[in-house]
Amino acid sequence: MPTVLITGASRGIGRALADQYESDGWTVIRTCRSPERTEEMALDVSDPRQVQEVAEKLSGTPIDVLINNAGVIGQRDAAIGNIDYDQWEETFRINTLAPIRVAEALAENVAASEKKVMVFVSSVMGSIARNGGGHYLYRSTKAALNAAMVSLSMELESRGVICISMHPGWVRTDMGGPTAAVAVPDSAAGIRNVVAGLGRQDNGCFYDYTGAEIPW
Ligand SMILES: NC(=O)c1ccc[n+]([C@@H]2O[C@H](COP(=O)([O-])OP(=O)(O)OC[C@H]3O[C@@H](n4cnc5c(N)ncnc54)[C@H](OP(=O)(O)O)[C@@H]3O)[C@@H](O)[C@H]2O)c1
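Keep in mind it's a predicted model, so treat the numbers as computed, not measured.

### Digging into the site of the ligand
Taken together, 29 residues are adjacent to the ligand, and Ser 10, Arg 33, Asn 69, Tyr 138 and Thr 173 come closest. Take Arg 11: an N or O atom from its side chain is 2.8 Å from an oxygen atom of the ligand. Thr 173 is positioned with one of its side-chain polar atoms (N or O) 2.5 Å from an oxygen atom of the ligand. Here the ligand has 890 Å² of accessible area as a free molecule, and 94% of this is covered by the chains. Mapped by element, the contributors of at least two residues to the shell around the ligand are α1 (12–23) and α4 (136–156).

### Digging into the side chain of Thr 91
With respect to the helices and strands, the residue Thr 91 is situated in helix α3 (residues 85–111). Residue contacts for Thr 91: discarding those within four places in its chain leaves Val 72, Gly 74, Thr 96, Leu 137 and Thr 141.

### A few points about the pairing of strand β1 (residues 3–7)
A regular strand carries its side chains on alternate faces of the sheet. By the criterion of burial, β1 is predominantly enclosed, with 5 of the 5 residues buried. Pairing geometry for β1 and strand β2 (residues 27–32), over 5 bridges, is parallel. Across the sheet, Leu 5 pairs through a bridge with Ile 29, a residue of β2. Note on the crossover from β1 through α1 to β2: the handedness is right-handed.

### A look at the sheet that holds strand β3 (residues 40–42)
Reading across from one edge, β3-β2-β1-β4-β5-β6-β7 is the order of the 7 strands in this open sheet, with parallel pairing throughout. Unpaired on one side and paired on the other, β3 and β7 (205–208) mark the two borders of the sheet. Strand-to-strand twist of the sheet, defined as the mean angle between neighbouring strand axes without regard to direction, takes the value 25°. Where β1 lies against strand β4 (residues 65–68), 3 bridges are found, and the strand directions are parallel.

### Observations concerning the environment of Ile 191
Assignment of secondary structure puts Ile 191 in helix α5 (residues 184–196). Considered as a pair, Ile 191 and His 167 are 24 residues apart in the sequence and their alpha carbons are 8.7 Å apart.

### Remarks on the nonpolar core
In this structure, Ile 6, Tyr 21, Ile 67 and Val 119 are the most contacted members of the largest nonpolar core, which totals 29 residues. Elements that contribute at least two residues to this core include exactly β1, α1, β2, β4, β5 (117–121), β6 (162–167), α5 and β7. Discounting residues that sit within four places of it in the chain, Tyr 21 has contacts with Val 4, Ile 6, Trp 26, Val 28, Ile 67, Arg 192 and Val 195. By size, the runner-up hydrophobic cluster in this structure holds 28 residues, among which are Ala 70, Ala 98, Leu 145 and Leu 152.

### Examining empty space enclosed by the protein
Overall, the coordinates contain 1 cavity of 30 Å³ or more when judged by the stated rule. The volume enclosed by the largest cavity comes to roughly 40 Å³. As for the largest cavity, its lining consists of Thr 7, Val 45, Asn 68, Asn 69, Ala 70, Ile 94, Ala 98 and Pro 99. Ranked by residue count, the leading element in the lining of the largest cavity is α3, at 3 residues. Tallied by class, residues from the lining of the largest cavity come to 5 nonpolar, 3 polar and no charged.

### Looking at the pairing of β5
Taken across its 5 residues, β5 has 5 buried, putting it largely inside the fold. Residues Val 117, Val 119 and Val 121 line one face of β5 and the alternating positions Met 118 and Phe 120 line the opposite face, and both faces are buried. The sheet contact formed by β4 and β5 spans 4 bridges and is parallel. The residue bridging Val 65 from the neighbouring strand is Val 117, located in β5. Taken together, β4, α3 and β5 constitute a β-α-β crossover, and its handedness is right-handed. Bridge analysis of β5 against β6 gives 5 bridges, and the strand direction is parallel. Looking at the pairing, Phe 120 lines up with Ser 165 of β6. Running through α4, the crossover from β5 to the neighbouring parallel element β6 is right-handed.

Rules used in this analysis
Residues numbered from 1 in each chain as written. Predicted model: local features only at pLDDT ≥ 70, side-chain atom pairs only at ≥ 80, totals over all residues. Heavy atoms only, no water. Near = heavy atom within 4 Å. Polar contact = N/O pair within 3.5 Å; in protein donor to acceptor, adjacent residues only side chain to side chain. Areas by Shrake-Rupley, 256 points an atom, 1.4 Å probe, with all protein chains shown as cover. Helix = DSSP H or I, 4+ residues; strand = E, 2+ residues; numbered from the N terminus. Contact = heavy atoms within 4.5 Å. Buried < 20%, exposed > 50% of the residue type's maximum accessible area, 1.4 Å probe, protein only. Pairing = 2+ DSSP bridges. Right-handed = clockwise from strand over helix to strand, strands pointing away. Axes fitted to C-alpha atoms, helices over the stretch in contact; angles between N-to-C directions. Core = buried A, V, L, I, M, F, W, Y, C linked by side-chain atoms within 4.5 Å. 1 Å grid on protein atoms, 1.4 Å probe; cavity = no way out; pocket = protein on both sides within 12 Å on 5 of 7 lines; lining within 4 Å. Points joined across faces, edges and corners; volume = space filled by probe spheres on them. Nonpolar A, V, L, I, M, F, W, Y, C, P; charged D, E, K, R; others polar.

Below, the structure is given as structure tokens:
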């Protein structure tokens, strides 16, 4: 069975993805910032040393699907006069630099697998075309992630790797809140469905969990 590695698997969408892939018989590598169960691997994605340690532990292990899911919303009420720049830098480290660092560290594992897929959990809020204002930190860090994903998709194309950005929907997690439109299991199932249908032509694209393309 294929292997999937999911970052931020402690709760929310990441945990649901891990549970669903496991139910389907996949080998699931759950990475968590603060592991609570023996099957969870420690990985604070913003810590370069931990990323390196995970890459060393997994050296030689093919990873069919790498899901860079861990993310934070950052300061929600940023506006002229109260922007928290320290928090903005931290949000960039987690939402933008970390997924690319993890992808860089595990690129050989993905390239050595059968499916060769990298999913970057982004957000429609990172779409410049659909920017409805506010959320400076979250929008900019996800837009930058999208840009980096496209560069990576071009660099890894010759090795058969398929990279996509994924908007999981507005989901009822700690981040999405209780009034969000989509239930966690439905988002995870949708993402898995999109991943299952990916082909070379999808490399470098931006989709939501229903498979609809999102404008940059
Ligand atoms: N929910 C939505 O409506 C929505 C919409 C669009 C995009 N997204 C994206 O979907 C992804 C998952 O979000 P969610 O809704 O499931 O959020 P969530 O319930 O708040 O969960 C966030 C997950 O990310 C992990 N995480 C945060 N910082 C980390 C770090 N430095 N290292 C490792 N793990 C870290 C958290 O771990 P801890 O438990 O250790 O904090 C947690 O597992 C995020 O990338 C988010 O931006 C969500």
